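Architecture at a glance
Here is what each chain is made of, one letter per residue.
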Amino acid sequence: MSWRWHVSSGLSQKELWCQGEIVSDGDRVKVVRFEVDGCVYFRKESSSEQFGRLLERVTAGGSWCSMPEQEARNLNQLDSEGFCVVPVVAAGSHFRFGLPVKGVMVTAALDAPLLESVLGENPELWLGYGKLVGRLHCRGYFDDCRAKDVLVDHGRMVLLDREKSRSGKRWNYQNALKSLRRTSYRNQRSGIQADAGALAAFWAGYAEGAKLDDEKLRMLQQKMPPR
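Residues numbered from 1 in each chain as written. Predicted model: local features only at pLDDT ≥ 70, side-chain atom pairs only at ≥ 80, totals over all residues. Heavy atoms only, no water.

What to know about the side chain of T183
In this fold, T183 is placed in helix α6 (residues 173–189). Leave out the neighbours within four places in its chain, and T183 touches Y129, D144, C145 and R146. (Helix = DSSP H or I, 4+ residues; strand = E, 2+ residues; numbered from the N terminus. Contact = heavy atoms within 4.5 Å.)

Things to note about the packing of helix α5 (residues 123–138) against helix α7 (residues 196–210)
Put simply, α5 and α7 touch, their axes get as near as 6 Å, and they point 35° apart. Considering the relative orientation of α5 and α7, their crossing is right-handed. Contacts from P123, W126, L127, Y129, G130, K131, V133, G134, R135, H137 and C138 in α5 reach A198, A201, F202, A204, G205, Y206, E208, G209 and A210 in α7. Considering only residue class, the contact of α5 with α7 consists of 12 nonpolar, 5 polar and 3 charged. (Axes fitted to C-alpha atoms, helices over the stretch in contact; angles between N-to-C directions. Left-handed = near helix turned anticlockwise from the far one by under 90°. Nonpolar A, V, L, I, M, F, W, Y, C, P; charged D, E, K, R; others polar.)

Focus on the sheet that holds strand β5 (residues 84–85)
One open sheet holds the 3 strands; their spatial order is β5-β9-β8, and the pairing between them is mixed. This sheet does not close on itself; its edge strands, each paired only once, are β5 and β8 (150–153). Judged from the 4 bridges that link them, β8 and strand β9 (residues 156–159) form a sheet pairing that is antiparallel. Looking at β9, one finds that V150 is bridged to L159. (Pairing = 2+ DSSP bridges.)

Points about the layout of surface pockets
Roughly 1600 Å³ of volume is contained in the largest pocket. What lines the largest pocket is a set of 45 residues, and nearest its centre among them are K44, E71, R146, D161 and E163. Of all the elements in the fold, those that place two or more residues in the lining of the largest pocket are β3 (29–36), β4 (39–46), α2 (51–59), α3 (67–80), β7 (99–108) and α6. Among the elements that take part in the lining of the largest pocket, α6 stands out by supplying 5 residues, more than any other. (1 Å grid on protein atoms, 1.4 Å probe; cavity = no way out; pocket = protein on both sides within 12 Å on 5 of 7 lines; lining within 4 Å. Points joined across faces, edges and corners; volume = space filled by probe spheres on them.)

Notes on the nonpolar core
Counting 46 residues, the largest nonpolar core has L115, W126, Y129, L159, Y206 and L220 as its most contacted members. Elements that contribute at least two residues to this core include exactly α3, β6 (88–96), α5, β8, β9, α6, α7 and α8 (214–223). Element by element, the count of residues in this core is highest for α7, at 7 residues. Within the second largest apolar cluster, 11 residues are counted, among which are L11, F34, V89 and V106. (Core = buried A, V, L, I, M, F, W, Y, C linked by side-chain atoms within 4.5 Å. Buried < 20%, exposed > 50% of the residue type's maximum accessible area, 1.4 Å probe, protein only.)

As for empty space enclosed by the protein
Counted by the stated rule, this structure contains 1 cavity of 30 Å³ or more. The calculated volume of the largest cavity comes to roughly 30 Å³. Considering the residues around the largest cavity, the lining is formed by N74, L78, Y141, D143, R162 and K164. A breakdown of the residues in the lining of the largest cavity according to their chemical character gives 2 nonpolar, 1 polar and 3 charged.

Looking at the confidence of the model for the protein chain
Averaged over the protein chain, the pLDDT score is 90; the fraction of residues at 70 or greater is 98%. Confidence scores differ between elements of the protein chain, with strand β1 (residues 2–7) showing the lowest mean pLDDT of 69 and α5 the highest of 98. (pLDDT = per-residue confidence, 0-100.)

As for the environment of A207
Within the element layout of this structure, A207 appears in helix α7. Put simply, A207 and S117 are 90 residues apart on the chain and 24 Å apart in space, counted from C-alpha to C-alpha. Other than its neighbours up to four places away in sequence, A207 contacts L212 and L217.

Structure, rendered in structure tokens:
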């Protein structure tokens, strides 16, 4: 058994494994908040990796690694393409007989609120949110983009959570519709509501980000479930 780690300079593996406050503890993934030299970090740990899901990730364009390390790779790729993402300072996978069985990703905390907590019916935020989702789809990233997956840092939309790899090279109607439907459903499940003005702002931003003409935009809107 062995770890394969990628750590930023100036930080040790021992420091990144220090104890902290558990902020989320699911069946397979735990998130821990901790401090090193006055700086706050979040450590996302997977306690087990399912072989079937690993194969799904690899066949969908992912790497032979744990889910947290794959997420770190996705965030770094998005950063290289001009998206704002949380700073990834470390990531790794624990291998047994050549298989990644658990993993970890460490990100630096930003002093910024979740989009979910400030979105309300603010048309400017809905416009920016739509533009972010549109840009992701335009680049072939169709993972759901919930409001809880985004921070608002001095006007910037910063991505927190990107588990799935790129699934194409350009905008695709079917993939976009599926992603938008799932994102809308999951936002509503979290209690997010949008009036007509907020929705109009979102779609205006989406069309700009995805570089859509009016006809393609109408096709999407007509297939979306009523709110």
